[in-house]
Amino acid sequence: MSSVLAFDLGASSGRALLGRLTDGRIEVEELHRFSNDPVQVGDRLYWDILRLYHEIKQGLLKAKHRGIDLQSMGIDSWAVDFGFIGKNGELDGNPYHYRDRHTEGAMERVMAEIPAAVIFARTGIQFLPFNTIYQLYALKQAKSPLLRESSRLLMIPDLLRYFLTGEMHNEFTNATTTQLYNPVKDDWDAELLRMLELPKSWFGRVLKPGELAGKLKPSVCEELGVDPVPVYAVAEHDTGSAVVAVPATEKSFAYLSCGTWSLMGTEVDKPVLHDLAQKLNFTNEGGFGNTFRLLKNIMGLWILQECRREWEREGRSYSFPELVRLASDAKPLASFIDPDDDLFLPPGDMPARIEQYCARTGQEAPGTVGEIVRCILESLALKYRCVFEMTQRLSGQRFGGLHMVGGGIQNTLLCQWTANAIGKPVWAGPSEGSAIGNLVVQWIAQGAFADIWEARRAIRESFPVETYEPSDSELWVGAYRRFLTLTGLAE
């Protein structure tokens, strides 16, 4: 039996999953789960990075108290955010949250200095206002003292690995999301850094998923009473790990990693850098085994999560199963939003913003809780169809269906409506895709699996996959046409 530990950090919660591999079958057990709550201080929104580090140590303690002999561990998280390490080796400041407003207008100002076509040709990354490149530009414009005092930039998993091991490395899948990494040269883009006047010295050696990043340092081992467990660089962008865990049987497949964010695309051998990819605002993020994830970010269940928080603030608490039940009883395909409209990016009163969007687009706004939830979920399913078709167009492939992984697959309505919208089957599972992909990369590095395809076979045999067949096709075809017109997404 090989036991490894995956720390999977999402935008709202984190977990430590123990993975056991016995005779080619994978078993996972949640050892520790914790919230990941951003902290508002004045006008700034931060990640509580030291709390996350504390929770990782709690996960290691729980493994120790169970008497588990760990062969290794790895950490994955969301992308684009980072922390600075000062010249004294200590953390400089608390990392900003990507939804903090300090980046407002930064993307446009950068593109006024460096044409978008140049940035895309050098990085292949989707233009999103919170990408690392624009966060750094905003800090420069604000003359942040962090830039004077810092000697290294570490993405969130890099930073937590550094706390554990004392070793400073960047990792490939997360490095590519910064919009500062050149996928053709397979290195940080020195010319972009020069144009933006960012020190090359901030950006260190980039490890590929599966490389050993260090071991727990003596002070951590002494504090926790544990052995110096090896720490691997996994596919540290959680979507990269989720794609590793897609139980595909063929090389050509489409996936949707569904959670706070939805990320849809396919796996390709080389980045797709032509003009159409830029026009459609797709991205080429690094994947396991020197592959690339040709994908598009979609807002995802964030809008529903924020609605739920708003209702709680008003004293109305709903579980997610209750919200799904209310949505199923509401009138179908009545009103639509574009989930990626800038209106829905910051935290806040989402029900009011949905009403505002509907007023702007000449629709009757959903009124009840069930109607609002149904509007969100149906709009997501229809946006998935839009991006599914774009992915086929860009990749030159035709997909027989869609693999959905991640916590969002527990929403059975969303899975069924996605099948209805794309008119093809949806294969949903596993739900803990990111954590399982994290575990699998560690096992591949240790030789327990020969390659990713052997690992994907094991995932397919170890975890249930639910099939959703499309229904009400004619109704959804008509709804899709209305959705494209109302949202302005029609070409």
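The name that an unreviewed UniProt entry assigns to the protein chain is Rhamnulokinase family protein, with the source organism given as Cohnella cellulosilytica. Within the UniProt record for the protein chain, the comment given under Sequence similarities (unreviewed entry) is "Belongs to the FGGY kinase family."

Trainee: Explain the packing of aromatic side chains here, please?
Mentor: Under the defined criterion, the tally for this structure stands at 21 aromatic pairs. Taking the centre distance of 5.9 Å and the plane angle of 70 degrees together, the rings of phenylalanine 172 and tyrosine 181 count as edge-to-face. The two residues phenylalanine 172 and tyrosine 181 agree in class, both being buried. Considering the side-chain rings of tryptophan 443 and phenylalanine 449, the 6.3 Å spacing of their centres and the 85 degrees angle between planes classify their relative orientation as edge-to-face.

Trainee: Can you walk me through the sheet that holds strand β3 (residues 25–35) in this structure?
Mentor: Note on sheets: strands pair through backbone hydrogen bonds, and any given pair is parallel or antiparallel. Read across the open sheet, the 6 strands follow the order β3-β2-β1-β6-β15-β14; overall the sheet is mixed. Every other strand in the sheet has two partners, leaving β3 and β14 (212–215) as the edge strands with one partner each. Between one strand axis and the next, the sheet turns through 25 degrees on average, direction left out of account. Of the pairings in the sheet, the one linking strand β6 (residues 72–76) to strand β15 (residues 230–232) comprises 2 bridges and is parallel in character. Its bridge partner lying in β15, methionine 73 is registered against valine 231.

Trainee: What exactly am I supposed to notice about the UniProt feature "domain: Carbohydrate kinase FGGY N-terminal" (unreviewed entry) in the protein chain here?
Mentor: Under the present numbering, the feature "domain: Carbohydrate kinase FGGY N-terminal" (unreviewed entry) in UniProt falls on residues 4–244. The straight-line gap between the two end C-alpha atoms of residues 4–244 is 16 Å; of that span, 34% is helix and 27% is strand.

Trainee: Help me out: how do you make sense of the layout of surface pockets in this one?
Mentor: By rolling a water-sized probe across the atoms, one finds the places where empty space is left. Size it by volume and the second largest pocket reaches roughly 850 Å³. Lining the second largest pocket are 37 residues, with Phe127, Leu128, Asn281, Asp340 and Asp342 sitting closest to its centre. For the lining of the second largest pocket, the secondary structure elements donating two or more residues are α2 (106–113), β19 (292–298), α15 (369–395) and α19 (473–487). For the lining of the second largest pocket, the element with the highest residue contribution is α15, accounting for 5 residues. Here the lining of the second largest pocket is built from residues that sort into 17 nonpolar, 5 polar and 15 charged.

Trainee: Can you walk me through the pattern of salt bridges in this structure?
Mentor: Any two side chains of opposite charge can pair, so long as their charged atoms come close to each other. By the definition in use, this model includes 28 salt bridges. Between aspartate 8 and arginine 15 there is a salt bridge, with the nearest N and O atoms lying 2.6 Å from each other. Accessibility assignment for this pair places aspartate 8 and arginine 15 in one class, buried. For glutamate 310, the salt bridge goes to arginine 313, with nearest N and O atoms at 2.7 Å. Within this pair, glutamate 310 and its partner arginine 313 are both found in helix α12 (residues 302–313), separated by 3 residues, close to a single helical turn. Residues participating in the shared-partner salt-bridge network are Asp8, Arg15, Glu30, Arg33 and Glu432.

Trainee: I tried to follow the state of the cysteines on my own but got confused; where do I start?
Mentor: One way to say it: the disulfide is the covalent bond shared by the sulfur atoms of two cysteines. Taken as a whole and judged by the stated rule, the model has 0 disulfides. The thiol sulfur of cysteine 258 is not disulfide-bonded, and the nearest other cysteine sulfur, from cysteine 415, lies at 7.0 Å. Residue cysteine 258 is classed as buried on the basis of its relative accessible area of 3%.

Trainee: Help me understand the environment of cysteine 358 in this model?
Mentor: Mapped onto the elements of the fold, cysteine 358 is located in helix α14 (residues 350–360). Sequence spacing of cysteine 358 and isoleucine 337 is 21 residues, and the spatial spacing of their C-alpha atoms is 7.2 Å. The residues contacting cysteine 358, other than those within four sequence positions of it, are Ser335, Phe336, Gln363, Glu364, Ala365 and Pro366.

Trainee: Got a minute to help me understand the UniProt feature "domain: Carbohydrate kinase FGGY C-terminal" (unreviewed entry) in the protein chain in this structure?
Mentor: Using the residue numbers shown here, the UniProt feature "domain: Carbohydrate kinase FGGY C-terminal" (unreviewed entry) corresponds to residues 254–445. Along residues 254–445 the backbone is 46% helical and 16% strand, and the end-to-end C-alpha distance reaches 25 Å.

Trainee: What's the story with the packing of helix α17 (residues 433–445) against helix α18 (residues 452–462) in this structure? I'm lost.
Mentor: The relative placement of two packed helices is expressed as an angle between their axes plus a distance between the axes. Two elements in contact, α17 and α18, have axes whose closest approach is 10 Å; the angle formed by their N-to-C orientations is 135 degrees. Here α17 is positioned oblique relative to α18, judged by the angle of their axes. Of the two possible hands of crossing, α17 and α18 adopt the one that is right-handed. Contact residues: Ile436, Val440 and Ile444 in α17; Ile452, Ala455 and Ile459 in α18. Residues of the contact of α17 with α18, tallied by class, amount to 6 nonpolar, no polar and no charged.

Trainee: What am I meant to see in the nonpolar core here?
Mentor: Burial of nonpolar side chains together is a common tendency in soluble globular proteins. With 151 residues, the main nonpolar core has Met73 and Ile354 as its most contacted residues. Counting residues per element, this core draws most heavily on α15, which supplies 15 residues. In this view, isoleucine 354 contacts Ile303, Cys307, Ile337, Phe344, Pro366, Ile372, Cys375 and Ile376; residues no more than four positions away in its chain are not counted. Ranked by size, the runner-up nonpolar core spans 20 residues in total, among them Ile26, Val244, Val441 and Trp443.

Trainee: Please explain the sheet that holds strand β8 (residues 91–92) as it appears in this structure.
Mentor: An order of β8-β7-β9 is seen for the 3 strands of this open sheet, with the pairing classed as antiparallel. Each having just a single partner strand, β8 and β9 (150–155) make up the two edges of the open sheet. Pairing geometry for strand β7 (residues 82–86) and β8, over 2 bridges, is antiparallel. Bridge pairing links isoleucine 85 to leucine 91 in β8. Most of the contacts of helix α4 (residues 132–141) go to β7, to which it runs at about 50 degrees, and overall it touches β7 and β9.

The rules we used
- Residues numbered from 1 in each chain as written.
- Predicted model: local features only at pLDDT ≥ 70, side-chain atom pairs only at ≥ 80, totals over all residues.
- Heavy atoms only, no water.
- UniProt positions renumbered as here; feature names shortened; annotations may be inferred.
- Phe/Tyr/Trp six-rings, centres within 6.5 Å; stacked < 30°, edge-to-face > 60°.
- Buried < 20%, exposed > 50% of the residue type's maximum accessible area, 1.4 Å probe, protein only.
- Pairing = 2+ DSSP bridges.
- Helix = DSSP H or I, 4+ residues; strand = E, 2+ residues; numbered from the N terminus.
- Axes fitted to C-alpha atoms, helices over the stretch in contact; angles between N-to-C directions.
- 1 Å grid on protein atoms, 1.4 Å probe; cavity = no way out; pocket = protein on both sides within 12 Å on 5 of 7 lines; lining within 4 Å.
- Points joined across faces, edges and corners; volume = space filled by probe spheres on them.
- Nonpolar A, V, L, I, M, F, W, Y, C, P; charged D, E, K, R; others polar.
- Salt bridge = Lys/Arg side-chain N within 4 Å of Asp/Glu carboxyl O.
- Disulfide = S-S within 2.5 Å.
- Contact = heavy atoms within 4.5 Å.
- Parallel < 35°, antiparallel > 145°, perpendicular 65-115°, else oblique.
- Left-handed = near helix turned anticlockwise from the far one by under 90°.
- Core = buried A, V, L, I, M, F, W, Y, C linked by side-chain atoms within 4.5 Å.

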